[in-house]
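Each chain, letter by letter, is given below.
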Amino acid sequence: MQLPNWLVTGGAGFIGSNFVRSVRRAGCARIINLDKLTYAGHLENLADLADDRDHVFVRGDIGDATLIDSLLREHQPAAIVNFAAESHVDRSITGPQEFIQTNVVGTHTLLQCALSYWKSLGGGRAAGFRFLHVSTDEVYGSLGPHDPPFTEDSQYRPNSPYAASKAAADHLVRAYHQTFGLATLTTNCSNNYGPYQHPEKLIPLMIENGRSGRPLPVYGDGRQVRDWLYVQDHCDALRLVLERGRAGETYNIGGDCECANLDIVSSLCRLLDDMYPKDAPHAKLIAHVADRPGHDRRYAIDASKMRRELGWHPRTGFDDGLACTLRWYAEHADWVAAVSTGAHERWIEANYVRRGPAAVNGGIK
Ligand code: NAD
Ligand code: DAU
């Protein structure tokens, strides 16, 4: 039986590479993987797929309509899954333009190309075509401590340039369904963690700093709450949405696992103490540093629509997921070294020096 082709964008990043790997392991589609390989995209994330003939990697930009049109013509995909984005909130504060370019203009270009491709398809293939846009819970803004979790009907109130750019893209995806009938699906997911996450993000940054005795820079009071989901659970949810979701719908995906940043860092310190007892206690490395401007206080996702309609629920508990993630980073020092050079080093220098001496030297609370 011939496998359907799926065009995946941003498939050399954290979630995209985990998704591509899990689809190829399941053998349910051939993947055309389009990625610009920004500082966040790495072929090392896909090294185990190097000999897979059903994974085709193409370096390019979702904003390049000529390239997208030719990929669609050549590979005739049954679906497009859009992960490509600038994804780091702190970078959107120091340099928002790239976020508008990729997340808004790039997504719109992809939609335009998808629409004209879809119109060119005949009966059954047109009816089966899907455009899955991978978005975030950050579009809903911030919750108070006693507010109910975000549902698919929560109001959009983005607070960072990143969140605003994702919100704009979500609106365009919706408009292409309402206006042109394109069979879109949008998912809004909470914070992911797990293998291959770029070490600029909270959990891998704390793991790597902790392993090497550097400060653990906690923004503000560290009581900000996120709803954490192991990346494989997100990938499973996305496949279900793609295969069984209703066109035009949005689906909230979350881990039902609210946790404050400082509690996560403390848990990681305990795990690091077990792994490297001679450096214990790692908690001495915790350094409170200047807060993120506009920092959202709390996110939480109500994923009952995913449970009800698609039978999905997260399988990985947070304690297991965190321990697994720490082990993965400890066993993949080569990967960490490969993705931590150049642009990453410059970012760490710029972001943390800006936050004051504790972020760099540690020990000061
Ligand atoms: P990431 O930063 O790790 O990866 C993004 C990938 O997109 C990289 O491989 C990068 O090279 C590629 N890319 C960037 N600009 C591009 C362009 N113009 N054309 C083609 N490729 C481009 O991000 P991630 O954490 O894997 O997130 C993937 C998607 O999921 C994003 O859309 C993000 O908004 C969304 N999301 C992430 C999380 C999370 O916790 N990480 C949670 C919910 C939703
Ligand atoms: O909620 C989904 C979002 O989760 C995704 O849409 C984003 O792409 C993804 O990056 C993530 O955004 P966050 O801003 O929540 O993730 P980050 O890992 O950057 O930060 C998590 C929390 O930890 C946040 O409250 C800020 C804090 N933090 C982060 C860093 C990097 C620190 O206290 N210190 C740090 O050094």
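Small disclaimer: the values here were computed from a predicted structure and weren't measured.

## Describing the site of ligand 2
Working step 1: Around ligand 2, a shell composed of 24 residues is seen, among which Asp137, Tyr162, Arg292, His295 and Tyr352 lie nearest.
Working step 2: The contact in question runs from an oxygen atom of ligand 2 to an N or O atom on the side chain of arginine 292, over 2.6 Å.
Working step 3: Between ligand 2 and the protein, one listed contact pairs an oxygen atom with a side-chain N or O atom of histidine 295 at 2.7 Å.
Working step 4: If ligand 2 stood free it would expose 690 Å²; the protein chains cover 95% of that surface.
Working step 5: Those elements giving two or more residues to the shell around ligand 2 turn out to be α7 (202-211) and β8 (216-219).
Working step 6: Sort the elements by how many residues they give to the shell around ligand 2 and β8 lands first, with 3 residues.
Working step 7: Split into classes, the residues belonging to the shell around ligand 2 amount to 10 nonpolar, 8 polar and 6 charged.

## Observations concerning the sheet that holds strand β1 (residues 5-9)
Working step 1: Spatial strand order, β3-β2-β1-β4-β5-β6-β11: 7 strands in an open sheet with parallel pairing. Of all strands in the sheet, those bounded by a partner on one side alone are β3 (55-59) and β11 (250-253). Across this sheet, the average inter-strand angle for adjacent strands is 20°, counted without regard to direction.

## Overview of helix α11 (residues 318-331)
Working step 1: Compared with the 20 Å implied by 1.5 Å per residue over 14 residues, the 20 Å span of α11 between its first and last C-alpha is a close match.
Working step 2: Residues of α11 that are buried: Phe318, Gly321, Leu322, Thr325, Leu326, Trp328 and Tyr329. Each buried residue of α11 lies within a common arc of 160° when the element is viewed along its axis, so the set occupies one face. Exposed positions of α11 whose direction lies more than 90 degrees from the buried face are Asp319, Asp320 and Glu331.

## Here we look at empty space enclosed by the protein
Working step 1: Within the structure shown, the criterion is met by 2 cavities of 30 Å³ or more.
Working step 2: Its boundaries defined by the atoms lining it, the second largest cavity holds a volume of some 40 Å³.
Working step 3: In terms of lining residues, the second largest cavity is bounded by Val89, Glu138, Asn159, Ser160, Arg226, Arg292, Pro293, Gly294, His295, Asp296 and Tyr299.
Working step 4: Considered class by class, the residues forming the lining of the second largest cavity number 3 nonpolar, 4 polar and 4 charged.

## Quick notes on the packing of aromatic side chains
The description of an aromatic ring pair rests on the distance of the ring centres and on the angle between the ring planes.
Working step 1: Under the counting rule described, the total for this entry stands at 17 aromatic pairs.
Working step 2: Considering the side-chain rings of tyrosine 193 and tyrosine 230, the 5.5 Å spacing of their centres and the 70° angle between planes classify their relative orientation as edge-to-face. A residue pair is termed long-range when its members are at least 10 positions apart, and tyrosine 193 in strand β7 (residues 192-193) and tyrosine 230 in strand β10 (residues 229-230) qualify at 37 residues. In this structure, tyrosine 193 and tyrosine 230 share a single accessibility class: buried.
Working step 3: Ring geometry for tryptophan 228 and phenylalanine 318: centres 6.5 Å apart, planes at 25°, overall stacked. Residue tryptophan 228 is found in the loop between β9 (225-227) and β10, and its partner phenylalanine 318 is found in helix α11; the two are separated by 90 residues along the sequence.

## Section: the site of ligand 1
Working step 1: Neighbouring residues of ligand 1: 28 residues in total, closest Ile15, Asp35, Ser87, Tyr162 and Lys166.
Working step 2: At a separation of 3.0 Å, an oxygen atom of ligand 1 approaches a polar backbone atom of glycine 13.
Working step 3: Backbone polar atom of lysine 36 to a nitrogen atom of ligand 1: 3.1 Å apart, as the coordinates give it.
Working step 4: The fraction of the free accessible surface of ligand 1 (830 Å²) that becomes covered by protein chains is 97%.

## A word on the packing of helix α4 (residues 97-120) against helix α6 (residues 161-180)
Working step 1: Viewed as axis vectors pointing N to C, α4 and α6 meet at an angle of 15°, and their least axial separation amounts to 8 Å. The orientation of α4 with respect to α6, classified from their angle, is roughly parallel. Where α4 crosses over α6, the two elements pack in a sense that is right-handed. Along the contact surface, α4 presents Phe99, Ile100, Asn103, Val104, Thr107, His108, Leu111, Gln112, Leu115 and Trp118, while α6 presents Tyr162, Ser165, Lys166, Ala168, Ala169, Leu172, Val173, Tyr176 and Phe180.

## A short note on the packing of helix α1 (residues 14-26) against helix α8 (residues 231-244)
Working step 1: Following both chains from N to C, one finds α1 and α8 inclined at 65°, their axes separated by 9 Å at the closest point. Where α1 crosses over α8, the two elements pack in a sense that is right-handed. Contacts from Phe14, Ile15, Asn18, Phe19, Ser22, Val23 and Ala26 of α1 reach α8 at Val231, Gln232, His234, Cys235, Leu238 and Arg239.
Working step 2: Tallied by class, residues from the contact of α1 with α8 come to 8 nonpolar, 4 polar and 1 charged.

## What about the pattern of salt bridges?
Working step 1: With the rule as written, the count across this model stands at 19 salt bridges.
Working step 2: The residue arginine 25 makes a salt bridge to aspartate 48 at a minimum N-O spacing of 4.0 Å. Of this pair, arginine 25 sits in helix α1 while aspartate 48 sits in the loop between β2 (30-35) and β3, and the two are 23 residues apart along the sequence.
Working step 3: Here arginine 25 falls in the exposed class, since its relative accessible area comes to 68%.

## Description of the nonpolar core
Working step 1: Counting 76 residues, the largest nonpolar core has Trp6, Phe19, Ile203 and Phe318 as its most contacted members.
Working step 2: Filtering out sequence-adjacent residues up to four positions away, phenylalanine 318 remains in contact with Tyr193, Ile203, Trp228, Cys257, Cys259 and Ile264.
Working step 3: Leu67, Ile68, Leu115 and Phe131 belong to the second largest nonpolar core, which has 25 residues in total.

## Some details on the environment of glycine 254
Working step 1: Residue position: glycine 254 is located in the loop between β11 and β12 (258-260).
Working step 2: Here the alpha-carbon distance between glycine 254 and isoleucine 301, two residues 47 residues apart in the chain, equals 5.2 Å.
Working step 3: Every residue in contact with glycine 254, bar those within four places of it in the chain, is listed here: Ser190, Asp227, Leu229, Ile301, Ala303, Trp312 and Pro314.

Conventions used here
- Residues numbered from 1 in each chain as written.
- Chains lettered and ligands numbered in written order.
- Predicted model: local features only at pLDDT ≥ 70, side-chain atom pairs only at ≥ 80, totals over all residues.
- Heavy atoms only, no water.
- Near = heavy atom within 4 Å.
- Polar contact = N/O pair within 3.5 Å; in protein donor to acceptor, adjacent residues only side chain to side chain.
- Areas by Shrake-Rupley, 256 points an atom, 1.4 Å probe, with all protein chains shown as cover.
- Helix = DSSP H or I, 4+ residues; strand = E, 2+ residues; numbered from the N terminus.
- Nonpolar A, V, L, I, M, F, W, Y, C, P; charged D, E, K, R; others polar.
- Pairing = 2+ DSSP bridges.
- Axes fitted to C-alpha atoms, helices over the stretch in contact; angles between N-to-C directions.
- Expected span 1.5 Å × (residues − 1).
- Buried < 20%, exposed > 50% of the residue type's maximum accessible area, 1.4 Å probe, protein only.
- Arc of directions from axis to C-beta.
- 1 Å grid on protein atoms, 1.4 Å probe; cavity = no way out; pocket = protein on both sides within 12 Å on 5 of 7 lines; lining within 4 Å.
- Points joined across faces, edges and corners; volume = space filled by probe spheres on them.
- Phe/Tyr/Trp six-rings, centres within 6.5 Å; stacked < 30°, edge-to-face > 60°.
- Parallel < 35°, antiparallel > 145°, perpendicular 65-115°, else oblique.
- Left-handed = near helix turned anticlockwise from the far one by under 90°.
- Contact = heavy atoms within 4.5 Å.
- Salt bridge = Lys/Arg side-chain N within 4 Å of Asp/Glu carboxyl O.
- Core = buried A, V, L, I, M, F, W, Y, C linked by side-chain atoms within 4.5 Å.

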